Amino acid sequence: MAAVQRKIPFVGTPDTNPETKPFFDGCVAGKLVIPQCVQTGKYIWYPRGISPFTLGPVEWKEVSGNGTIYTYSVMERANPPYCIAYVQLAEGPKMMTNIVDCDFKDVKIGMAVKLKFIDTENGPPMPFFAPA
Amino acid sequence: MSLKGAGYIVGAWEHPTRKATDKSVTLLHAECAKGALDDAGLSKDDVDAYYCAGDAPGLGPMSMIDYMGLKVRHMDSTDVGGSSYQVAVGHALQAIATGRANVCLITLAGRPRSEGQATGTAPRAGNPSQAEMQFEYPYGPATANMYALCAMRHMYEYGTTSEQLAWIKVAASHHAQYNPHAMLRDVVTVEDVVNSPMVASPLHRLDCCVISDGGGALIVTKPEIAKSLKRPLVKVIGVGESAKNQAGGETELTYSAARWSGPPAWAMAGIKPSDIKYASIYDSFTITVLMQLEDLGFCEKGQGGKFVMDGNLISGVGKLPFNTDGGGLCSNHPANRGGITKIIEAVRQLRGEAHPKVQVPNCDLAIAHGTGGSLGTRHVGSTVILERE
């Protein structure tokens, strides 16, 4: 089943949650920028302006965009079908995303993937992943 | 203060409808309330506490209290999806134990079938100020594919198979054939399940629950009142609730919040899983059942696939009869929330009022566990343990 790229929806605007501006600015610049907990050094997903590990401060850092597939599911009922997944970033956290640019039959847990930005219909580009 | 035995379930009623084109959601709630009160032998004016969740139209509990003409001194509208009603039983126990309530009414109702909701397969855009919304909605999280993510990882880590998951549907269908109200009454085979169309890999159409209209209600009351009524005594001896989520990115999808809601419930009840005669286990999807059985301690982690095989969940056949009304997988998932029907069937079993073909002999201890929200992102598990006195 070859991947036909579906239209990507977005809800709200990047200004809806002002604290996540560094993430969306990164998306526009083609960089994956996510928060890191200052106290523990852990990277955090989803983006937010406070650490869920300590309720302490975060710093926004660009990460490599390298990851592996933790789990996935192909939504065959959708038209076109799409492959939702959690990708574990090389820096640690697992993020929800879609796997793109491949035959979904080839997708496997543990597969190495690489960041790619795709435009959304009514919002900023968002991070997706394709086989590395 | 232990809540063990602080309350009894004296009224339990499930609406017989599965398609209610001619009724409002509020009317369904009220009909369920009347049904449960009649079942208990109580009247509307005996109710002094009301519990509902997000399926109740209006602001919190206010519109339903108004519509039904209640006068209450305690209320709670904690909305944690399909597990809200197990949570409500626990919260009712707290209110009874602290003298804030005598007769607690819990209602659920909805009509997603009449409203044509694509419950499991259409992503629903929420309020963008909900913190995670902008980082998830673009990727198409529906309901089915969120549970599928858990199933795929469980298969990877533990070798669980689609055929093993199918046995859960097979067991539910064996029970549903005796329920005249069930939406799906045909007995199915493992082959039927794994050959049904794929919805969200690895979950097939028959791995999913039904979409139905309907509802249910419960009456929880204090021991003195329970013992004055004419119904068999069903005592609440254990409750627990817990929330699980992505943990800042340290997401683990092979277990559910039952891992945390179960232990306090078992400790309060002073019993262990092997003591349970009947189990109502939330069954939005087959994988939901399998993970909860493991997490509640009915088998070792990762062994759920082997545990459910060969009819082990079929009443009269296996060791752990489950969802003998057919459950959400075959009978009813009103308002897309199956928590209350789990408790209702457990009460039927403990009273000896289940269908004779599925009634568990000498059923004195039962569990009713709920999972609300999305197993693949954030959800609440809630456990209720009941004893026939």
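All values derive from a computational prediction rather than experimental measurement.

1. Thoughts on the overall build of chain B
Item 1. Broken down by element type, chain B carries 13 helices and eleven strands.
Item 2. A compact globule built from 389 residues should have a C-alpha radius of gyration of about 21 Å, and chain B, at 19 Å, falls within 12% of that.
Item 3. Judged by the C-alpha coordinates and their principal axes, chain B covers about 50 × 50 × 40 Å.
Item 4. Across the 389 residues that make up chain B, the buried fraction comes to 61%.
Item 5. Long-range contacts, defined as pairs at least 24 residues apart, comprise 77% of the intrachain contacts of chain B with a sequence gap of at least 6.

2. Regarding the overall build of chain A
Item 1. For chain A, the count of helices and strands is one helix and seven strands.
Item 2. In sequence order, the secondary structure elements of chain A are arranged as α-β-β-β-β-β-β-β.
Item 3. By residue count, 42% of the 132 residues in chain A fall in the buried class.
Item 4. A fraction of 49% describes how many contacts in chain A between residues 6 or more apart in sequence connect residues 24 or more apart.

3. A word on the packing of helix α3 (residues 84-97) of chain B against helix α13 (residues 339-351) of chain B
Residues and elements named next belong to chain B.
Item 1. Two elements in contact, α3 and α13, have axes whose closest approach is 6 Å; the angle formed by their N-to-C orientations is 65 degrees. Within the contact between the two elements, α3 uses S84, Y85, Q86 and V89 and α13 uses G339, I340 and I343.
Item 2. Class assignment of the residues belonging to the contact of α3 with α13 gives a composition of four nonpolar, three polar and no charged.

4. Re the packing of helix α6 (residues 162-176) of chain B against helix α10 (residues 286-295) of chain B
Residue and element names in this part refer to chain B.
Item 1. Two elements in contact, α6 and α10, have axes separated by 9 Å at closest approach and are oriented at 100 degrees. Considering their axes alone, α6 and α10 lie roughly perpendicular with respect to each other. Across the interface between the two elements, L165, A166, I168 and K169 of α6 pack against T286, I287, V289 and L290 of α10.
Item 2. Residue composition of the contact of α6 with α10, grouped by class: six nonpolar, one polar and one charged.

5. Some remarks on the pairing of strand β8 (residues 234-244) of chain B
Residue and element names in this part refer to chain B.
Item 1. Counting buried positions along β8 yields eight of eleven residues, so the element is predominantly enclosed.
Item 2. Both β8 and strand β11 (residues 379-388) contribute to a ladder of ten bridges, which runs antiparallel. Paired with S242 across the bridge in β11 is G381.

6. Comments concerning unusual backbone geometry
Item 1. Cis rather than trans, the peptide bond between A:W45 and A:Y46 has omega equal to 0 degrees.
Item 2. If you trace the backbone, A:Y46 turns up in the loop between β1 (33-37) and β2 (58-62).
Item 3. Here the amide bond leading from A:N79 into A:P80 is cis, since omega sits at 0 degrees, within 30 degrees of zero.
Item 4. One non-glycine residue, B:D310, lies in the positive phi region at around 60 degrees.
Item 5. Positionally, B:D310 belongs in the loop between α11 (304-308) and α12 (327-330).
Item 6. In this structure B:D310 comes out as partly exposed when scored by C-beta crowding, with 14 C-beta atoms within 10 Å.
Item 7. Despite not being glycine, B:N323 has its phi angle at roughly 40 degrees, a positive value.
Item 8. Take B:N323: it is sitting in the loop between α11 and α12.
Item 9. On the basis of neighbour count, B:N323 is assigned to the buried category, with 30 C-beta atoms found within 10 Å.

7. Focus on the interface of chain A and chain B
Item 1. Taken together, the contact between chain A and chain B spans 37 residues of the former and 30 residues of the latter.
Item 2. Mapped onto the side of chain A that touches chain B, the elements with two or more residues apiece are β3 (66-75), β4 (82-89) and β5 (94-99) of chain A.

8. Remarks on the confidence of the model for chain B
Item 1. Mean pLDDT over chain B stands at 97; residues scoring 70 or higher make up 100%.
Item 2. The ipTM for the predicted assembly is 0.97, set against a pTM of 0.97.

9. What to know about α10(B)
Residue and element names in this part refer to chain B.
Item 1. When you tally the buried positions in α10, you get ten out of ten residues, the bulk of the element.
Item 2. If you check which residues of α10 are buried, you get T286, I287, T288, V289, L290, M291, Q292, L293, E294 and D295.
Item 3. Note on α10: the residue one or two positions beyond its end, G297, has a positive phi of about 95 degrees.

10. Side note on the environment of B:Q94
All names here are of chain B.
Item 1. When you line up the elements, Q94 lands in helix α3.
Item 2. On the neighbour-count criterion, Q94 (17 C-beta atoms within 10 Å) is partly exposed.
Item 3. As for Q94 and S2, which are separated by 92 residues in sequence, their C-alpha atoms are 9.4 Å apart.

11. Structural notes on α6(B)
Item 1. The terminal C-alpha atoms of α6(B), which comprises 15 residues, lie 21 Å apart, in line with the 21 Å expected from a rise of 1.5 Å per residue.
Item 2. Across the 15 residues of α6(B), 13 count as buried, placing the element largely inside the fold.

12. Some thoughts on the environment of B:S374
Residue and element names in this part refer to chain B.
Item 1. Counting through the fold element by element, S374 comes out in the loop between β10 (365-373) and β11.
Item 2. C-alpha of S374 to C-alpha of E252: the two residues are 122 residues apart in sequence and 13 Å apart in space.
Item 3. Those residues in contact with S374, other than ones at most four positions away along the chain, are T143, M146 and H379.

Cut-offs used in this document
Residues numbered from 1 in each chain as written. Chains lettered and ligands numbered in written order. Predicted model: local features only at pLDDT ≥ 70, side-chain atom pairs only at ≥ 80, totals over all residues. Helix = DSSP H or I, 4+ residues; strand = E, 2+ residues; numbered from the N terminus. Rg over C-alpha atoms; globule rule 2.2 N^0.38 Å. Buried ≥ 20, exposed ≤ 12 C-beta atoms within 10 Å, placed from the backbone. Contact = placed C-beta atoms within 7 Å. Axes fitted to C-alpha atoms, helices over the stretch in contact; angles between N-to-C directions. Nonpolar A, V, L, I, M, F, W, Y, C, P; charged D, E, K, R; others polar. Parallel < 35°, antiparallel > 145°, perpendicular 65-115°, else oblique. Pairing = 2+ DSSP bridges. pLDDT = per-residue confidence, 0-100. Expected span 1.5 Å × (residues − 1).

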